[in-house]
Amino acid sequence: MFNFFSKKRREKALRGEEEKDLFTQKYKAFRELLDANNAVLATMADMQEKASGAYVFDAAYVESSYRSVSKGINRIIDSLNQVSDNKYKDLVRASDRINKKAQEILHQAIAIPKTDYVLALESVHKDMAPSCGGKMAYLGEVANNIRLQVPNAFVITTFSYQSFVQHNRIEALLKEKCGSVDIRDFAALEAASLEMQRLIQKSEVPGDLQDAILLAFDEMKRQTGETSLHVSVRSSAILEDIMASFAGQYATVLNVTRENLIEAYEKVISSQFTPRALFYFKDKGFNINEMAMAAGVVQMIDPASSGIAYSRDPRNPDEDVVLINAVWGLGDYAVGGVVPPETLKVIAPAKDGKGSRVSRKKEGRQRVMSRASADGGTQEVVVPEHMQDTSCLDEDQVIKLSNLARMLESHFESPQDMEWALDHNGVIQVLQSRPLRMSYMHKEKLPDKPRHVEGHELLLDKGKIACRGVSAGAVRQVRDERAMGDFPEGGVLVIRQAHPEFALILDKATAVISDTGSVLGHLATVARELGVPAILNAEDATKVLRDGLVVTVDAQYGRVYEGEVGELLKAGKQTGGFSSSPIYQRLRTILKEITPLYMTDPRAPDFRAKTCRTFHDITRFSHEMALREMFDFGKHTYFSEKSAKKLVSKEIPLEWLVIDLEDGLKPGLGKRIGPEDIVSEPMRAMWEGMTAVPWKGPPPMDTKGFLSVVAGSGTDPDAASYMTDKNYIVLSKDFCNLSVRLGFHFSTTESYLGENENQNYVSFAFKGGGADSGRRNRRVAFISRILGRFDFRVEVREDNIFARIEGHEEAFLKERLKVLGHVIVHTRQMDMVMHNEKMVEWYYKDMLKGIESFVNIPG
């Protein structure tokens with residue numbers, strides 16, 4: 001069966017180190033594949049977490065994360081083809097197909113709607129960023145749907161900008177300059193920036209656009225009754241404050257008169273081409289087609305004080321505080337750092353102020369402030385002496401500001417950065433609200449300790465959270481794939497191991513709990529994709545959670561309670577903070593090309609390279625094929641004795657040849673070694689199992705058993721090779737491949753154990769026997785039952801066994817390797833005595849007793 005190598009290849013192996021070198025190369029490529037696979041799954045998990053809607057991020061995050069996944073996929077494919085001698089070239093085509101779709105999503109242009117040149121703020125809401133820009137879309141939402149006090153304003157739309165550049169025939173030139181500039185070459189960046197800004201400022205604003213802007217200004221003057229109306233002209237690019245903050249990148253022109261309004265508009269739209277703004281735009285990975293600038297024309301407020309309010313502390317997002325910065329006069333001196341602001345912290349803010357505490361801190365005296373000039377523009381004036389050391393806000397005003405910040409946070413479903421002004425009548429005006437850039441942010445603060453629940457028994461309180469959330473349903477244990485068809489809609493899926501095949505029913509589940517499993521495993525990825533709360537590595541779920549029991553799964557803290565816990569279900573409902581933004585939608589769209597898993601069953605006929613539909617499919621397929629390739633290569637390799645060391649052991653007196661790939665043995669050894677010289681972690685565990693219980697020798701054999709051996713060996717063409725082939729151990733510090741030929745049967749075991757549980761695995765194959773087919777098949781069933789008892793996934797084909805377990809921590813798999821070691825040694829010649837089922841049962845109980853005497857595996 002195992003004459004895989006041609007005569008020529010056998011001769012090569014006999015010449016020395018060639019076969020060892022080839023195995024070493026394949027092993028290194030295999031390790032590279034495992035590392036790349038884990039990195040890809042980790043990045044995918046992070047992207048899914050961000051896509052939960054409870055985090056704030058920008059376009060650069062999406063671009064860089066996708067780039068990281070794509071590069072990792074290329075590493076996986078290259079490594080697999082090195083392991084397999086280029087058998088999987090179809091994966092390259094599958095990856096190219098997926099990448100093409102993803103690139104179209106990443107670089108799709110945002111269409112600029114055809115609108116009026118000017119829109120009154122009363123008609124604007126948050127979904128109008130493509131026409132009004134992010135800043136003014138948010139301000140329109142604040143005014144019209146939250147109903148907070150904002151100044152009178154109108155928007156010069158992105159369609160106006162598009163008309164401006166097309167009228168002057170500069171669109172292609174701007175795109176070419178912006179696309180070709182090297183932002184790492186500052187001199188070139190500065191030169192290109194200057195050229196583009198001059199191009200804008202020398203261009204003519206079309207007459208009908210000028211008329212529309214001035215007409216809107218006159219209408220605002222009529223509505224406000226101002227005899228001398230002054231406005232500020234503020235940038236509002238499509239992506240500004242929506243996909244990225246662009247804070248301080250674009251221009252705002254303060255205290256503008258009618259006569260200077262068109263000039264101020266040109267200054268604002270040209271500011272997207274400053275060196276700083278260009279660098280930021282390109283460094284964040286935005287598309288040139290997204291550089292369309294709207295502008296907000298906002299009634300000028302000459303405030304008593306102004307500043308910024310954060311609805312959370314960005315350095316400590318889960319702390320219940322609001323931060324406020326305040327200065328006398330206009331806020332440009334606070335933003336620009338010209339004067340020391342007063343910093344206020346509202347602790348535990350409440351609408352009525354009860355229970356709230358306000359701490360104040362002044363960095364120094366504010367001696368000057370910025371004020372609007374009667375002739376336009378701003379001027380610096382001295383702060384009156386009696387105000388220089390006093391607070392800009394009284395207690396009530398501070399509480400009102402904190403309430404406004406939290407109202408905005410609640411409405412937009414993410415922490416907010418609010419710009420405000422307090423006029424001389426004591427009215428707080430909201431000038432701007434945008435997502436606050438956080439290191440991370442859960443929509444609701446999770447208490448430091450798990451929530452205490454009265455009246456519901458705590459059933460489980462351990463495990464790793466793979467997907468956060470809270471849900472309830474009736475428990476249904478699924479012990480293997482054959483039981484998946486009966487899984488009910490809305491059930492809580494409880495499983496022993498987190499096998500990828502269970503992804504087929506995950507869309508029916510309200511939650512999933514597994515005794516074992518990795519948060520970077522394939523099932524965990526699918527759970528996050530579907531938003532199914534998931535707790536893995538819970539250890540005792542299949543023992544504690546009985547079928548039909550209604551439970552509440554709190555996957556915020558890794559706890560499971562008996563019954564439906566209404567307070568947890570209510571608190572656990574998640575709404576998508578940030579979920580209305582274009583960049584969030586872009587992430588969700590691109591994840592559809594990355595994370596869905598269609599390749600769930602390796603035995604399916606369509607489990608092939610060319611049928612991979614997503615990057616997740618490629619990782620799943622490649623990992624499966626890499627394990628097979630390494631396993632088969634080790635099983636069929638013939639090493640030269642010149643490249644091997646001889647392992648000598650009185651406990652198992654067989655001929656062992658050891659090939660050390662990398663740090664699997666102690667250094668400085670001769671040609672003969674002992675078991676104590678092995679430092680390979682998986683091999684040490686297996687050897688411990690092989691020697692823990694002394695072999696009692698061949699079982700007693702009756703005449704029928706003897707005759708069955710004679711008959712079986714006479715009909716098996718490979719019997720002679722079983723008796724003469726040597727036993728090989730190929731190892732490194734974290735890896736081993738053990739090929740054992742004991743009597744008439746042959747087995748191969750391979751394992752990798754490292755710090756990353758997602759990479760760890762044990763594979764086992766068993767073939768042969770000297771008895772007739774009936775006795776051999778009983779032994780196969782016997783071994784399968786033993787391995788299944790200790791969490792292996794077992795497949796039987798006639799008298800062949802294939803078993804595997806993967807994705808577990810090192811300690812977990814070491815105990816299973818001990819089991820395999822015991823099975824390999826103690827099933828020798830056992831087929832000869834398995835003449836009926838009673839004998840099989842007796843040996844099963846006897847072997848189970850022996851194994852349980854030395855392994856640490858709960859029953």
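Let us look at the structure shown here. In this text, all values refer to a predicted model and were calculated from it rather than measured experimentally.

**Structural notes on the packing of helix α7 (residues 171-180) against helix α8 (residues 186-202)**
Then, in step 1: Running from N to C, α7 and α8 cross one another at 165 degrees; their axes reach a closest spacing of 10 Å. As judged from the angle between their axes, α7 and α8 are roughly antiparallel. Both α7 and α8 take part in a crossing whose hand is left-handed. Counting all contacts with α7, which are made through Leu173, Leu174, Lys177 and Cys178, the residues of α8 involved are Glu195, Met196, Leu199 and Ile200.
Then, in step 2: Residue composition of the contact of α7 with α8, by class: six nonpolar, no polar and two charged.

**A short note on the nonpolar core**
Then, in step 1: Among the nonpolar cores identified, the biggest contains 58 residues, and Leu91, Ile590 and Phe621 are the most heavily contacted of them.
Then, in step 2: Every element with two or more residues in this core is listed here: α2 (18-50), α3 (59-84), α4 (90-106), α17 (582-591), α18 (615-635), β23 (656-662) and β25 (727-732).
Then, in step 3: Of all the elements, α2 adds the most residues to this core, at twelve residues.
Then, in step 4: The residues touching isoleucine 590, leaving out its near neighbours within four places in the chain, are Met47, Val62, Tyr66, Ala102, Ile105 and Leu106.
Then, in step 5: Counting 51 residues, the second largest nonpolar core, distinct from the first, contains Ile673, Trp687, Ile729 and Leu848.

**Some words on the packing of aromatic side chains**
Then, in step 1: Within this structure, the stated rule accounts for eleven aromatic pairs.
Then, in step 2: The interplanar angle of 85 degrees and the centroid separation of 5.8 Å between the aromatic rings of phenylalanine 30 and tyrosine 761 together place this pair among those described as edge-to-face. In this pair, phenylalanine 30 sits in helix α2 while tyrosine 761 sits in strand β28 (residues 761-768), placing the two residues 731 residues apart along the sequence. No difference in accessibility class separates phenylalanine 30 from tyrosine 761, as the two residues are buried.
Then, in step 3: Geometrically, the ring pair formed by phenylalanine 607 and phenylalanine 621 is tilted, given 5.4 Å between the ring centres and 40 degrees between the ring planes. Of this pair, phenylalanine 607 sits in the loop between α17 and α18 while phenylalanine 621 sits in helix α18, placing them 14 residues apart in sequence. Both residues of the pair, phenylalanine 607 and phenylalanine 621, belong to the buried class.
Then, in step 4: Aromatic rings pair up to connect Phe23, Tyr27 and Phe735 into one cluster.
Then, in step 5: If you follow arginine 613 out to its NZ or CZ, it ends over the ring of tyrosine 598, 3.5 Å from the centre.
Then, in step 6: Over the aromatic face of phenylalanine 802 sits the side chain of arginine 797, whose NZ or CZ is 4.8 Å from the ring centroid.

**Some points on the pairing of strand β16 (residues 470-477)**
Note on strand geometry: in a regular strand, side chains alternate between the two faces of the sheet.
Then, in step 1: Burial of β16 is extensive: six of the eight residues sit out of reach of the surface.
Then, in step 2: For β16 and strand β20 (residues 550-554), the ladder comprises five bridges, and the chain directions are antiparallel. Paired with alanine 474 across the two strands is valine 550, which belongs to β20.
Then, in step 3: Relative to strand β17 (residues 492-495), β16 runs parallel, the two sharing three bridges. Counted as the bridge partner of valine 475 is valine 492 from β17.

**Topic: the pattern of salt bridges**
Then, in step 1: Taken as a whole and assessed by the stated rule, the structure comprises 42 salt bridges.
Then, in step 2: Aspartate 515 is the partner of arginine 496 in a salt bridge, and the nearest nitrogen-oxygen pair spans 3.2 Å. Taken together, the residues span a long stretch of sequence, with arginine 496 in the loop between β17 and β18 (511-514) and aspartate 515 in the loop between β18 and α14 (522-530) at a distance of 19 residues.
Then, in step 3: What makes aspartate 515 buried here is its relative accessible area of 1%.
Then, in step 4: One salt bridge in this structure joins glutamate 852 and arginine 789, with 3.4 Å as the shortest N-O distance. Taken together, the positions of glutamate 852 in helix α24 (residues 837-852) and arginine 789 in helix α22 (residues 773-789) put the pair 63 residues apart, joining distant regions of the chain.
Then, in step 5: The class for arginine 789 is partly exposed, based on a relative accessible area of 24%.
Then, in step 6: Shared partners join several salt bridges into a network, and the residues in it are Glu501, Arg620, Glu624, Arg628, Arg793, Arg804 and Glu806.

What counts, and at which threshold
Residues numbered from 1 in each chain as written. Predicted model: local features only at pLDDT ≥ 70, side-chain atom pairs only at ≥ 80, totals over all residues. Heavy atoms only, no water. Axes fitted to C-alpha atoms, helices over the stretch in contact; angles between N-to-C directions. Helix = DSSP H or I, 4+ residues; strand = E, 2+ residues; numbered from the N terminus. Parallel < 35°, antiparallel > 145°, perpendicular 65-115°, else oblique. Left-handed = near helix turned anticlockwise from the far one by under 90°. Contact = heavy atoms within 4.5 Å. Nonpolar A, V, L, I, M, F, W, Y, C, P; charged D, E, K, R; others polar. Core = buried A, V, L, I, M, F, W, Y, C linked by side-chain atoms within 4.5 Å. Buried < 20%, exposed > 50% of the residue type's maximum accessible area, 1.4 Å probe, protein only. Phe/Tyr/Trp six-rings, centres within 6.5 Å; stacked < 30°, edge-to-face > 60°. Lys NZ or Arg CZ within 6 Å of the ring centre and 35° of its normal. Pairing = 2+ DSSP bridges. Salt bridge = Lys/Arg side-chain N within 4 Å of Asp/Glu carboxyl O.

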